[in-house]
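Below, each chain spelled out in residue letters.
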Amino acid sequence: MQFTAIQWNIGSARIRSEGADGAQSSSYNQVNPEYIAETIKALAPDVVTLQEVAPHQGTFLAERIKLTLHAEDHYTSQLGLTIMSRFPATDHEFFYIANPIPSPAMVDGKPWTPRDLGISRCRLTLSENTALDVCNVHLPRFEKVGASLPDSRLDQTRVEIAKHLMPRDVPLLVQGDFNNNAELAPTFPDLMNAGCSEVHFDVPTTPKGRRDDHVIYKQVTHLTSRVIDTLLTDHHLLVLTFEI
C-alpha cells in the first residue's frame, strides 16, 4: 500500500505577509493556525509530523484536518512536536534531548544557548498485518555556538539521538527539523549501518536557503518527494509518498 507523509516546522503557526522577506525572522509576525490547517488538509496526507507547535495548536490542527493526534509533546512551555495520522497508533514515547553545551555564546550581539528539544515516536497500524514506526525530530542548532553534530563535544548526544531513532521490528519513518544543513549519513553512521536510507533534497527546505529538514526511512520504498516553497512559513513543507 502507498501512503503520503508531510514534514513541516510550522514555527508556532507564524506566517509572513505576501511580499515580505522570507529570510528575515521579523517578517513572521502573524499567527494563523487556520492557514496551516487548510494547507495540510488540501494535501490529504496519511501521516504528518510537525515541529514548533504551540500549546493547543496540535489539537486544533488535528480537528480541522480530520486526523487523529497521536503525540503532542512539548519540550518547552511554548513549543512542541506533534504526530498526526489517519491510522491508529500505539506505543507513544517522548525522548527529551538535553543541550550538552550550557554556556551561552554571543549570537547577533546577544547571549544564546541551544535550547533542549526532543523526539516523539509512535507505532502506526496501517493494516491488520502492517505497522510503521514514526519518529518526529527537532534538534538544537548547535552551529550557532560553534559546534555541529559531528563535534566531539556532542558525541554522547549523537549516540543518544541515534539510539532513539534506531529501527526496531517494523518499518521506520523518521522526519523532522534536524537543524543540520548537511546530509545525515556522516553524522549518524549507526542508523545507516542499521539499513536506513535518507531522502535527498536538491533544494533548500527553508526560505533562508538551508536544508535543515530531513527524512530517513527503512523497509519502505520511497516513491516521490517535493518541497513546497511557495508558502508563508519560515520552513518549507515537504510532501513524500512511500510504499510499504
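Everything that follows concerns the structure shown earlier in this document.
This one's a predicted model, so the numbers in the text were calculated from it and none came from an experiment.

## What to know about helix α2 (residues 57-65)
Every buried residue belonging to α2 is among Gln57, Gly58, Leu61, Ala62 and Ile65, and all of these are buried. For α2, the angular spread of buried residues about the axis comes to 130 degrees, placing them on one side. Contacts made by the buried residues of α2 are with β3 (30-31), α1 (33-43), β4 (47-51), β5 (68-74) and β6 (80-85). Just downstream of α2 lies Lys66, where phi reads positive at about 65 degrees.

## Some remarks on the pairing of strand β10 (residues 117-127)
Buried residues dominate β10, accounting for nine of its eleven residues. As judged from the seven bridges shared by strand β7 (residues 89-97) and β10, these two strands associate in the antiparallel manner. Looking across to β10, one finds that Thr90 is bridged to Arg123. Where β10 and strand β11 (residues 130-138) come together, nine bridges link them in antiparallel fashion. Residue pairing for β11: Leu124 is matched across the bridge by Leu132. Counting the residues that bridge the hairpin from β10 to β11 gives two residues.

## Here's the deal with the packing of aromatic side chains
A full pass over the atoms with the stated rule returns three aromatic pairs. Note on Phe3 and Phe242: the rings are 5.5 Å apart at their centroids and 25 degrees apart in plane angle, and the pair reads as stacked. With Phe3 in strand β1 (residues 2-9) and Phe242 in strand β16 (residues 237-243), the pair connects residues that are 239 residues apart, well separated along the chain. For Phe3, a relative accessible area of 2% translates into the label buried. Arranged with centres 6.3 Å apart and planes meeting at 65 degrees, the rings of Phe178 and Phe188 form a pair that is edge-to-face. With Phe178 in the loop between β12 (172-177) and α4 (189-193) and Phe188 in the loop between β12 and α4, this pair connects stretches of sequence that are ten residues apart. Residue classification places Phe178 among the buried positions, given a relative accessible area of 1%.

Parameters at a glance
- Residues numbered from 1 in each chain as written.
- Predicted model: local features only at pLDDT ≥ 70, side-chain atom pairs only at ≥ 80, totals over all residues.
- Heavy atoms only, no water.
- Buried < 20%, exposed > 50% of the residue type's maximum accessible area, 1.4 Å probe, protein only.
- Helix = DSSP H or I, 4+ residues; strand = E, 2+ residues; numbered from the N terminus.
- Arc of directions from axis to C-beta.
- Contact = heavy atoms within 4.5 Å.
- Pairing = 2+ DSSP bridges.
- Phe/Tyr/Trp six-rings, centres within 6.5 Å; stacked < 30°, edge-to-face > 60°.

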